[in-house]
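# Results of the structural survey
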Number of protein chains: 2
Amino acid sequence: MRVLGVDPGLTRCGLGVVDGGKGRSVACVAVGVARSPQEDELATRLLTVATEVERWMDLHRPQVVAIERVFSQHNVRTVMGTAQVSGVVALAAARRGLPVAFHTPSEVKAAISGSGRADKKQVTTMITKILGLAEAPKPADAADALALGVCHLWRAPMMDRIAQAEARAAEAARTHRAKIKAAQEKAQRAQGPRTGGKTR
Amino acid sequence: MRVLGVDPGLTRCGLGVVDGGKGRSVACVAVGVARSPQEDELATRLLTVATEVERWMDLHRPQVVAIERVFSQHNVRTVMGTAQVSGVVALAAARRGLPVAFHTPSEVKAAISGSGRADKKQVTTMITKILGLAEAPKPADAADALALGVCHLWRAPMMDRIAQAEARAAEAARTHRAKIKAAQEKAQRAQGPRTGGKTR
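Residues numbered from 1 in each chain as written. Chains lettered and ligands numbered in written order. Predicted model: local features only at pLDDT ≥ 70, side-chain atom pairs only at ≥ 80, totals over all residues. Heavy atoms only, no water.

### Focus on the pairing of strand 1 (residues 2-7) of chain B
All names here are of chain B. Burial analysis of strand 1 places five of its six residues in the buried class, the great majority of the element. Where strand 1 and strand 2 (residues 12-20) come together, six bridges link them in antiparallel fashion. Directly across from Val 6, in strand 2, lies its bridge partner Leu 15. From the end of strand 1 to the start of strand 2, which pair antiparallel, there are four residues. In this structure, strand 1 lies alongside strand 4 (residues 64-68), joined through four bridges in parallel fashion. Note on strand 4: the bridge partner recorded for Leu 4 is Val 65. (Buried < 20%, exposed > 50% of the residue type's maximum accessible area, 1.4 Å probe, protein only. Helix = DSSP H or I, 4+ residues; strand = E, 2+ residues; numbered from the N terminus. Pairing = 2+ DSSP bridges.)

### Details of the sheet that holds strand 4 of chain B
Residue and element names in this part refer to chain B. The five strands are arranged 3-2-1-4-5 in an open sheet whose pairing can be described as mixed. Looking at which strands have only one partner, the edges of the open sheet turn out to be strand 3 (26-35) and strand 5 (100-103). Direction aside, the axes of adjacent strands within the sheet are offset by 20° on average. Both strand 2 and strand 3 contribute to a ladder of nine bridges, which runs antiparallel. When the sheet's bridge partners are listed, Gly 20 is paired in strand 3 with Val 26. Across the sheet, helix 5 (residues 140-191) lies against strand 1, strand 2, strand 3, strand 4 and strand 5, angled at about 40° from strand 2, the strand it touches most. (Axes fitted to C-alpha atoms, helices over the stretch in contact; angles between N-to-C directions. Contact = heavy atoms within 4.5 Å.)

### Some words on the interface of chain A and chain B
Taken together, the contact pairs 24 residues of chain A with 25 residues of chain B. Between chain A and chain B lies a buried interface of about 2,000 Å² when both sides are counted; carbon and sulfur atoms form 69% of it. Measuring nitrogen to oxygen at the nearest pair gives 3.2 Å for the salt bridge that ties Arg 95 of chain B to Glu 54 of chain A. Residue contributions to the side of chain A that touches chain B peak at twelve residues, all from helix 2 (residues 76-95) of chain A. Looking at side-chain class alone, the side of chain A that touches chain B contains 17 nonpolar, four polar and three charged residues. (Buried area = accessible area lost by both parts, 1.4 Å probe. Salt bridge = Lys/Arg side-chain N within 4 Å of Asp/Glu carboxyl O. Nonpolar A, V, L, I, M, F, W, Y, C, P; charged D, E, K, R; others polar.)

### A look at the state of the cysteines
Overall, the coordinates contain zero disulfides over all chains when judged by the stated rule. Summary of cysteine pairing: Cys 151 of chain A is not part of a disulfide, and the nearest cysteine sulfur, belonging to Cys 28 of chain A, is at 16 Å. Classification of Cys 151 of chain A as buried rests on a relative accessible area of 0%. Summary of cysteine pairing: Cys 13 of chain B is not part of a disulfide, and the nearest cysteine sulfur, belonging to Cys 28 of chain B, is at 16 Å. (Disulfide = S-S within 2.5 Å.)

### Quick notes on the packing of aromatic side chains
Under the criterion given, the structure shown has zero aromatic pairs over all chains. Taking the ring centre of Trp 154 of chain A as reference, the NZ or CZ of Arg 24 of chain A above it sits at 3.7 Å. (Phe/Tyr/Trp six-rings, centres within 6.5 Å; stacked < 30°, edge-to-face > 60°. Lys NZ or Arg CZ within 6 Å of the ring centre and 35° of its normal.)

### Remarks on the pattern of salt bridges
Tallied over the entire structure, the rule returns 18 salt bridges over all chains. Of the charged contacts in the structure, one is a salt bridge between Glu 52 of chain B and Arg 55 of chain B, with a shortest N-O distance of 3.0 Å. Of the two residues, Glu 52 of chain B and Arg 55 of chain B are both situated in helix 1 (residues 42-60); the distance of three residues between them amounts to about one turn of the helix. Ionic contacts of the salt-bridge type, sharing partners, join the residues Glu 54, Asp 58 and Arg 96 of chain A together with Arg 95 of chain B into one network.

### Section: the relation of the copies chain A and chain B
In the superposition of chain A on chain B (RMSD 0.1 Å, axial shift 0.0 Å), the rotation amounts to 180°. Classification of the inter-copy transformation places it as that of a two-fold axis. Residue Gln 84 of chain A, judged by its C-alpha, is the member of chain A lying nearest the rotation axis, at 2.3 Å. (Least-squares fit on C-alpha atoms with pLDDT ≥ 70 in both.)

### With respect to the UniProt feature "binding site: Mg(2+) 2" (unreviewed entry) in chain A
All names here are of chain A. The sites that carry the UniProt feature "binding site: Mg(2+) 2" (unreviewed entry) are, in the present numbering, Glu 68. When you line up the elements, Glu 68 lands in strand 4 (residues 64-68). On the basis of relative accessibility, which here comes to 17%, the residue Glu 68 falls in the buried class. Discounting chain neighbours no more than four positions away, the residues touching Glu 68 are Val 6, Asp 7, Pro 8, Phe 102, His 103, Pro 105 and Leu 148. (UniProt positions renumbered as here; feature names shortened; annotations may be inferred.)

Next comes the structure, spelled out in structure tokens:
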């Protein structure tokens, strides 16, 4: 499976394409950033970033897009821009019929380094090692995008298993409820109508 | 001038098209909402809303798009969706070469009702009156979108005047600095080189 990982941002939007093989084997296909000049108007900046992200989608043909989930605990202005970029990236994916998954920074860190509290440097070191890269991807946004892609490849099977288990549990609960209802109705029929048919 | 006002939202995105005439005269062209089902995935919802907003842009051909500026002081989850919608709307405008303006809720309220603290009901009442509508636009998001459009029409000339005044002030400052520099250089030349040409 091929994943496009996106670390959304207006000034620097990290992009990383990762292929997943058997088990936990992963390979880096491409890594980079989409940039937009800070002096441009917001709408123009969104267009610049969206155009580059769409070029990556059409060039590398990922089967799924993994985007970092944005939280609003940081700088308000930055977060709004980041959320807007994540929106235009998700829209571009939906237009191409690609599924979109969101992963939180903690989920990415935990998947890559085993700890949800790893710092940016540790994530870069780990992703460089995991993908067997000759040198660390720069800037950090590019490394984060690769980490997102790997996180998705490693989490997706687990999330699928959980979803399947939940579906089975729901199905079992439905069957169980149906059986109880059938038993209750059978008991009622055996007992006969309590008030007869004249209540209307 | 024709404005498309957009009150961004995933569940209900308010849309209002307003024409501005001479002075403060304004007329309602169209009003409504773009909706997306809450049970759909985020990317699908963004696509649903974006498609409808783009249909409005192509149908009503506004010359400018006015979007409510999102703040993150409310519910985090809602705000992220709202920011993402505002991003896809701004992108759609940029793709069509339309300028995009952002106005805060307080600016809209102040422009429409004279008070930045007016409540939703007051805004609806005022916008119904201003546009001479037979009945109040519903839901509130639709009324807010019209209010945004009128706010833009009424603020835009003022904002243009401010921008022009600032440009003139900047130009005057540049001229002033250039004159000072020229005077200093002239004085220096008159005085002659203080240390001669042998300092190197």
